Structure formats: structure tokens, C-alpha cells
Amino acid sequence: MKGINVKSEIKPLKKVLLHRPGRELLNLTPDTLQELLFDDIPFLKVAQEEHDAFARLLRANDVEVVYLEDLMAEVLDLDPAIRKKFLKQFIVEGGIRTNKYQRIIYDYLDQIKDNKTLVLKTMEGINVNELKRNIENSLVDLVSEESKMVLAPMPNLYFTRDPFASIGHGIALNRMYSVTRNRETIYAEYIFNYHPDYKGIVEKWYDRYDDFHIEGGDILNLTEDTLAIGISQRTEPDAIDSLAKNIFNNPKSTIKKILAFNIPNSRAFMHLDTVFTQIDVDKFTVHPGILGPLEVYEITAGDSVEEVKVHKIEDTLEHILEDVLGIENVTLIKCGGEDRIAAEREQWNDGSNTLCIAPGVIIVYERNDVTNALLEKHGLKVLTIPSAELSRGRGGPRCMSMPLWRED
């Protein structure tokens with residue numbers, strides 16, 4: 001399967017992109033947690049075991065699993081010139097401004113001959129004491145701590161949902177909310193520009209060099225012609241406006257309508273997919289906190305390429321979804337049920353963040369037992385994965401996966 005084909009949240013998943021947590025998690029410290037968007041430090045060995053269980057479950061259900069690190073290594077294997085370009089760009093985007101350190105870090109990385117090892121190292125980050133340098137007569141070196149990270153790690157990479165989003169036969173290559181995560185999108189840039197499975201095949205609806213922030217966790221493919229996008233802590237309305245114009249004005253796009261959901265700006269409601277996800281043709285998981293009055297805006301093509309039409313929808317979430325899906329009754333299954341404490345606890349542990357691999361078949365974290373029991377009661381096939389360590393990054397099975405192909 002070459003290219004991208006994702007026009008639904010629930011149709012049978014056939015190919016998915018993951019990233020196995022790596023040594024980047026070992027470079028988290030209590031002092032850098034906030035900067036790197038973590039609340040705690042996962043235990044790497046167990047996080048990898050849990051992630052491997054996730055991948056095995058996907059394969060057992062006939063889903064092809066590909067890894068970000070493998071696709072990127074295959075790109076670098078294509079041509080030494082691509083490798084050289086990537087390293088220079090990666091170092092600059094990592095915040096290295098002095099010629100001396102650009103040269104030292106380039107030489108350090110370039111001596112890693114195996115390209116997968118190289119890719120993993122770029123994800124892991126670089127400590128200053130790994131580098132060969134002469135500190136004499138260098139003010140920068142003399143005042144630097146000997147354990148300082150000169151290139152920061154990228155511990156959020158195992159949440160592959162956010163750096164880009166599959167939409168139809170194309171992608172939104174996103175500009176991320178934080179500087180820390182925006183660096184992650186360089187891998188997708190090279191994969192979609194150069195990898196033979198995607199080069200020249202995949203449309204680009206948004207680019208990482210665009211002006212406004214948008215993240216994949218806020219983008220849901222409701223139908224072949226309708227997207228839902230969250231206006232959230234990490235996705236700006238300006239980005240949605242720009243994405244809409246690009247999609248509506250491209251004849252290869254099937255999207256005719258975008259629903260923009262204005263959700264609370266908080267860490268607990270980080271993305272739209274942390275407050276609701278589709279799990280069957282007529283069922284959604286939902287966090288009770290968004291079931292009050294909703295601000296939803298319908299965006300359609302304007303009278304010119306520079307315009308879109310925006311209409312505020314005054315209705316309940318159920319009626320909005322019923323209208324979009326063309327069905328009579330939508331069931332919203334509350335995370336944690338009617339138990340407020342359970343709802344808050346399991347929302348924090350991504351009880352609403354499910355990955356649907358076929359209609360009515362979902363992968364969830366086993367720790368959210370109240371919500372999982374409710375899902376089973378509503379007739380869903382619930383497949384659980386361990387999550388004691390993975391959940392510390394504040395993201396569930398949907399966050400950890402980017403579908404590349406779903407059956408039509």
C-alpha cells in the first residue's frame with residue numbers, strides 16, 4: 001500500500017505509523033518535564049514492553065505496523081545528499097547557532113554510519129559530554145555544565161498522531177504548538193518528500209512552515225466529505241481557516257465541510273481526541289465536560305479562493321453528529337459514566353482516547369476499567385493494552401497511532 005487513504009475514523013485499519021519509545025525518555029529530568037510537556041518520567045523498559053504489546057495487538061488484527069524511525073532511515077539510505085541535508089537542517093532546527101558547535105555536532109552525528117542508529121540518536125538528544133571539544137579559550141564551553149543537553153530529546157515522539165494528520169489521500173504536515181514538539185515534524189517532511197511509498201503521491205494540505213499552530217490530535221475524519229477539527233490549546237482558528245482554504249481549493253480533495261469545535265483550553269482537554277472519539281458507526285466516547293453548550297462552527301468553501309463561509313451551529317453534540325453521519329441516533333458514551341471522580345481520573349488517563357480499528361472494535365488502556373466496562377455494555381469489542389508507563393505522557397492509543405490506510 002503506497003500513499004495515504006484515510007476517510008474515516010472507524011473503517012478497517014490496514015496500515016498504521018508508530019514510534020517505539022526510545023532513549024529519548026532517559027533524557028527526561030524533573031527540571032525539564034514542563035519544557036518537554038511531560039508530567040512524570042516513564043520507566044523506559046516497561047514503556048517499551050507496553051508499546052510492543054500495542055504493536056502485537058495491531059498485527060494480530062491484520063494491521064500492518066510501520067515505524068517512524070524505519071521510514072526515516074530508509075529515506076537516508078536513498079542518497080548521501082539527503083542525509084547531509086537532513087543533518088544540517090536538524091542541527092539548525094535544534095537551536096545550534098554557533099558555527100563551532102554546528103561543525104562539532106555534524107561531525108559527531110555523521111560518524112554514525114548506520115542510518116537507523118543515526119535517526120534514533122537524533123531523537124534521543126545529545127549531551128555535551130558526548131562531544132569532542134577543546135574548552136580552552138571558549139567562554140561558552142567554560143561556563144557550560146558538563147551534563148548539559150546541547151540538543152534536547154524528543155520524548156513525545158511516541159505520540160505519532162500529532163506531527164502530521166492523514167486526511168483523505170493527503171496530509172496536514174503540522175506546525176506544532178510548542179518549540180519542543182515542532183522539531184518532530186522534520187521526520188515527516190523528509191518521509192513525504194523523499195520516501196518512494198509517498199513521494200509525489202501524497203497531497204499536502206498544510207505545511208510545517210505555515211504561520212499557525214495545528215496538531216493531529218485535533219483532526220478527526222468523520223466522513224469522506226467532513227472533517228472535525230478542535231480549536232484547542234494547541235490548534236489555532238487561523239490554522240483551521242488556512243487548512244480549509246487549501247482543502248476546498250484543491251480538486252483532489254473530497255472534503256466539502258469542516259466542523260470546528262471550540263473546546264476548553266486546558267491540559268486535560270489537550271486535543272479534540274482527548275474529549276471525544278468515534279468508535280462505531282453510531283457511537284462516540286465523550287468526556288462529560290463538553291456536554292454543555294457547545295461552540296461549533298461549520299466551514300464551507302467561499303465565493304473565491306481567498307474566502308470561506310463560516311456558520312455557527314446552535315445544537316447539541318448528538319444532533320450535530322447525527323446530521324453529519326446521516327443517521328437517526330448517535331450514542332455518546334461518557335468517560336467514567338456518571339461517576340464524576342471516575343470521569344476526571346479516567347479522562348486524565350485518556351479514557352476517551354480510543355483507537356478504532358474496525359467498526360465497533362477499539363483499543364483502549366486497560367487501566368480505565370470503569371469506562372471500559374461501559375463500552376462493553378454498549379456492545380463494543382474492547383481490546384486492552386497495559387499502560388502504567390505509556391500513560392505518563394498524557395496520551396492514549398489514538399494519540400500513539402497515525403493511520404496511513406483504512407479500507408473504503
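Here, the structure is the one placed above.
Residues numbered from 1 in each chain as written. Predicted model: local features only at pLDDT ≥ 70, side-chain atom pairs only at ≥ 80, totals over all residues. Heavy atoms only, no water.

(A) Looking closely at the overall build of the protein. Counting its regular elements, the protein contains 12 helices and 19 strands. Rg of the C-alpha trace for the protein: 21 Å, near the compact-globule value of 22 Å for 408 residues, within the 12% margin. Residue burial in the protein is summarised as follows: out of 408 residues, 58% are buried. Within the protein, contacts between residues at least 6 apart in sequence are counted, and of these 70% link residues at least 24 apart. Accessible area for the protein stands at about 17000 Å²; split by element, carbon and sulfur atoms hold 49% of it. Positive and negative side-chain charges in the protein, numbering 49 and 66 respectively, have mean positions lying 5 Å apart. (Helix = DSSP H or I, 4+ residues; strand = E, 2+ residues; numbered from the N terminus. Rg over C-alpha atoms; globule rule 2.2 N^0.38 Å. Buried < 20%, exposed > 50% of the residue type's maximum accessible area, 1.4 Å probe, protein only. Contact = heavy atoms within 4.5 Å. Areas by Shrake-Rupley, 256 points an atom, 1.4 Å probe, with all protein chains shown as cover. Lys, Arg positive; Asp, Glu negative; His and termini not counted. Charge placed at Lys NZ, Arg CZ, Asp CG, Glu CD.)

(B) Spotlight on the side chain of T185. In this structure, T185 sits in helix α8 (residues 185-194). A distance of 2.6 Å separates the side chain of T185 from the side chain of R208, its partner in a polar contact. The contacts of T185, once residues within four sequence positions are left out, are P163, L173, N174, M176 and R208. (Polar contact = N/O pair within 3.5 Å; in protein donor to acceptor, adjacent residues only side chain to side chain.)

(C) Local environment of the sheet that holds strand β2 (residues 64-67). Strand order in the open sheet made by the 3 strands is β2-β1-β19, with mixed pairing throughout. Since the sheet does not close on itself, it has two edges, and those belong to β2 and β19 (402-406), each with one partner. Pairwise comparison of adjacent strand axes, ignoring direction, gives a mean angle of 20° for this sheet. In terms of strand pairing, strand β1 (residues 13-18) meets β2 through 4 bridges, oriented parallel. Following the sheet pairing, K15 is matched in β2 by E64. (Pairing = 2+ DSSP bridges. Axes fitted to C-alpha atoms, helices over the stretch in contact; angles between N-to-C directions.)

(D) Structural context of the nonpolar core. Within the largest apolar cluster, 67 residues are counted, with the highest numbers of intra-cluster contacts made by I105, L109 and Y187. Among the nonpolar cores identified, the runner-up in size contains 30 residues, and L25, F38, Y67 and M400 belong to it. (Core = buried A, V, L, I, M, F, W, Y, C linked by side-chain atoms within 4.5 Å.)

(E) Up close: the packing of aromatic side chains. One pass over the structure, following the stated rule, counts 9 aromatic pairs. Considering the side-chain rings of F86 and F90, the 5.7 Å spacing of their centres and the 35° angle between planes classify their relative orientation as tilted. Highlighted residues: F86 and F90, both in helix α3 (residues 80-93), separated by 4 residues, approximately one helical turn. Residue classification places F90 among the buried positions, given a relative accessible area of 3%. Both rings, one in Y158 and one in F159, keep their centres 4.2 Å apart while their planes meet at 40°; by these two values the pair is tilted. For the pair formed by Y158 and F159, the shared burial category is buried. Clustering of aromatic rings is evident, with ring pairs tying together F86, F90, Y187, Y190 and Y194. (Phe/Tyr/Trp six-rings, centres within 6.5 Å; stacked < 30°, edge-to-face > 60°.)

(F) Region of interest: the packing of α3 against helix α5 (residues 115-124). In contact at an axis separation of 12 Å, α3 and α5 are set at 10° when each is read in the N-to-C sense. On the basis of their axis angle, the class for α3 and α5 is roughly parallel. Residues R83, F86, L87 and F90 of α3 pack against N115, L118 and T122 of α5. For the contact of α3 with α5, the class distribution of residues is 4 nonpolar, 2 polar and 1 charged. (Parallel < 35°, antiparallel > 145°, perpendicular 65-115°, else oblique. Nonpolar A, V, L, I, M, F, W, Y, C, P; charged D, E, K, R; others polar.)

(G) The arrangement of helix α2 (residues 68-78) in detail. By the burial criterion, the buried members of α2 are L68, E69, L71, M72, A73, V75 and L76. Residues of α2 that are buried sit in contact with β1, β2, α3, α5 and α8.

(H) The arrangement of the pattern of salt bridges in detail. For the structure on display, the rule yields 25 salt bridges. When the shortest N-O distance is used, the salt bridge between R83 and D110 registers 3.3 Å. Of the two residues, R83 sits in helix α3 while D110 sits in helix α4 (residues 99-110), which places them 27 residues apart along the sequence. With a relative accessible area of 10%, R83 lands in the buried category. Judged by relative accessible area, D110 falls into the partly exposed class, the value being 26%. E184 serves as the salt-bridge partner of R181, at 2.8 Å between the closest nitrogen and oxygen. Given a relative accessible area of 2%, R181 falls into the buried group. You can call E184 buried: its relative accessible area is 1%. Here the salt bridges share partners, and the residues they tie into one network are R23, K121, E124 and E130. (Salt bridge = Lys/Arg side-chain N within 4 Å of Asp/Glu carboxyl O.)

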